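Spelled out from the first residue to the last, the chains are:
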Amino acid sequence: MRALCILGSTGSIGTQALDVVRRNPDRFRVLGLGAGANQELLVGQIREFMPPIVAIADEDAAAELKRKLGAVRGVEVLSGPHATETLARESDADMVLNAMVGAIGLPPSLAALQSGKTLALANKESLVVGGELIMDLVKGEPDRLVPVDSEHSALAQCLRGDRREDLKRVVVTASGGPFRGWTRDELAKASVKEALAHPTWSMGPKITIDSATLMNKGLEVIEAHYLFGLDYRLIDVVVHPESIIHGIAEFADGSMIAQMAGADMRLPIQLALGYPDRLPAGIHGLDLATLGRLTFEPLDREAFPAVDLAYRAGRLGLTYPAVLNAANEVAVMAFLEGKVRLIHISEVVGAVLDEHEGAGVVSEVTLQRADGWARARAAEIVESL
Ligand SMILES: NC(=O)c1ccc[n+]([C@@H]2O[C@H](COP(=O)([O-])OP(=O)(O)OC[C@H]3O[C@@H](n4cnc5c(N)ncnc54)[C@H](OP(=O)(O)O)[C@@H]3O)[C@@H](O)[C@H]2O)c1
């Protein structure tokens, strides 16, 4: 029986993770839940799973949560901006699933690893921003970091059992998002509603916009670099609109191993939570004859410059990926609020990256400073547009 702490339990990944727990009551128990502000959903999750400790960042939501929990005994409620970090550190769980969105996920990821727990990581921003710090904490114990992102879960499966020296490169697949085939001029007119209508995946709003600009793929390239210790020239991206093949490993002899599954995040979530076991998921295998065909096409790097921005930031390393991520978070929010156009997102990110002078060392302090600077600079550029 694995004891879990789920951060971001009210989000898309978090609710699907609880679904996995619900289907496997003999395998998992929940010792902690963390959320941002959605106390309505969290209160129901607490009543169902009865974790001894929960965290909610928003203070007003915490007050309301405590009022509603009045009659429920034995649940400690942490609140405030550091609540999930405290929860990740102090919970008695064996494994923390970090399904928060954004760079705010990094401190809880570090806390989970520093306190000896296994980290199941959906929050890709943790690795993009603090990849060096995270990988340092799992040095010599690679099984303490388990990917949840479908592409990285796929690659980890493709690499199970093969000799790493035989690996030639990995290929991360991209659906292409809702604007696949659009020109830059057409993208300039894309609405928020169109950008939120992803063709194959149902996800939270931030990653859905990142999928529309393809910044999500860029963040995943950086994530793969850290997770698998691969040079950026060994990580490729190919567009695969059907979202059936999630990752491919190519070996020295030219052989390629690919992982295939339907676009259902419960599969990689379940594989991570139950790692290394494969649990019966209630998810059916693919009917290949009905699928008919799988197609691939190159990335349109001109229409979607975000991927190359991520390669650039990743290769520069140091605080550059943190700056890429922070500027992107600000620009995505501005797009969702109707303040900028979709194509402005990568323009803002590119401008902030151009101006950044990377810190000489990577530490929590230098990363935080770079993140704060990039957010402020991105906000200024957004205002000037
Ligand atoms: N969704 C997917 O299919 C998918 C696939 C692969 C990777 N990922 C990655 O998984 C992560 C989560 O994505 P998602 O789509 O599940 O996002 P989401 O639906 O927007 O959920 C985000 C979660 O983070 C919580 N949160 C926000 N601010 C917080 C704060 N200050 N403190 C604590 N918790 C906070 C939210 O709580 P409230 O709602 O209560 O505010 C919510 O539970 C992202 O890094 C994403 O890139 C997602």
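The text that follows walks through the structure, step by step, so that each part is easy to find.

Calculation notes
Residues numbered from 1 in each chain as written. Predicted model: local features only at pLDDT ≥ 70, side-chain atom pairs only at ≥ 80, totals over all residues. Heavy atoms only, no water. Patch = residues over 30% accessible without salt bridge, like charges linked within 9 Å, V, L, I, M, F, W, Y side chains within 5 Å. Areas by Shrake-Rupley, 256 points an atom, 1.4 Å probe, with all protein chains shown as cover. Salt bridge = Lys/Arg side-chain N within 4 Å of Asp/Glu carboxyl O. Helix = DSSP H or I, 4+ residues; strand = E, 2+ residues; numbered from the N terminus. Buried < 20%, exposed > 50% of the residue type's maximum accessible area, 1.4 Å probe, protein only. Pairing = 2+ DSSP bridges. Axes fitted to C-alpha atoms, helices over the stretch in contact; angles between N-to-C directions. Core = buried A, V, L, I, M, F, W, Y, C linked by side-chain atoms within 4.5 Å. Contact = heavy atoms within 4.5 Å.

1. Description of a nonpolar patch on the surface
Nonpolar side chains collect at one region of the surface, where M260, L288 and L291 lie side by side and expose about 250 Å² of accessible area between them. The topology assignment puts L288 in helix α13 (residues 288-291). A relative accessible area of 51% places L288 in the exposed class.

2. Some points on the sheet that holds strand β3 (residues 53-56)
What the seven strands build is an open sheet, ordered β4-β3-β2-β1-β5-β6-β7; its pairing is parallel. The open sheet has two edge strands, β4 (76-79) and β7 (145-147), and neither has a second partner. Adjacent strand axes in the sheet meet at a mean angle of 20 degrees when their direction is disregarded. Pairing geometry for β3 and β4, over four bridges, is parallel. In the sheet register, A55 faces β4, and the bridge partner there is L78.

3. Quick look at the nonpolar core
Of all hydrophobic cores here, the largest spans 93 residues; its most connected members are F179, I235, L324, L342 and V352. With 11 residues, helix α15 (residues 320-336) is the single largest residue contributor to this core. Apart from residues lying up to four places away in sequence, F179 is in contact with L187, A190, S191, E194, A195, A212, F304 and L342. Counting residues in each nonpolar core, the second largest holds 36 residues, with V20, V21, I56 and M265 among its members.

4. Let's talk about the sheet that holds strand β11 (residues 256-260)
As summarised here, the arrangement of the four strands in space is β9-β8-β10-β11, forming an open sheet in which the pairing is mixed. A strand with exactly one partner marks an edge of an open sheet, and here the two such strands are β9 (235-239) and β11. Taken pair by pair, the neighbouring strands of this sheet meet at an average axis angle of 20 degrees, ignoring direction. Summarising the sheet, strand β10 (residues 245-251) and β11 pair through five bridges and their orientation is antiparallel. Across the sheet, residue E250 finds its bridge partner in β11, namely M256.

5. Things to note about helix α5 (residues 106-114)
With seven of nine residues buried, α5 lies mostly within the body of the structure. Taken residue by residue, α5 has L106, P108, S109, L110, A111, A112 and L113 as its buried positions. On its buried face, α5 is in contact with β1 (2-7), α4 (83-90), β5 (95-98), β6 (118-121), α6 (124-137) and α17 (364-384). A positive backbone phi angle near 85 degrees is found at G116, which sits one or two residues after α5.

So, to be careful, I would describe these as geometric facts and stop short of saying anything about function.
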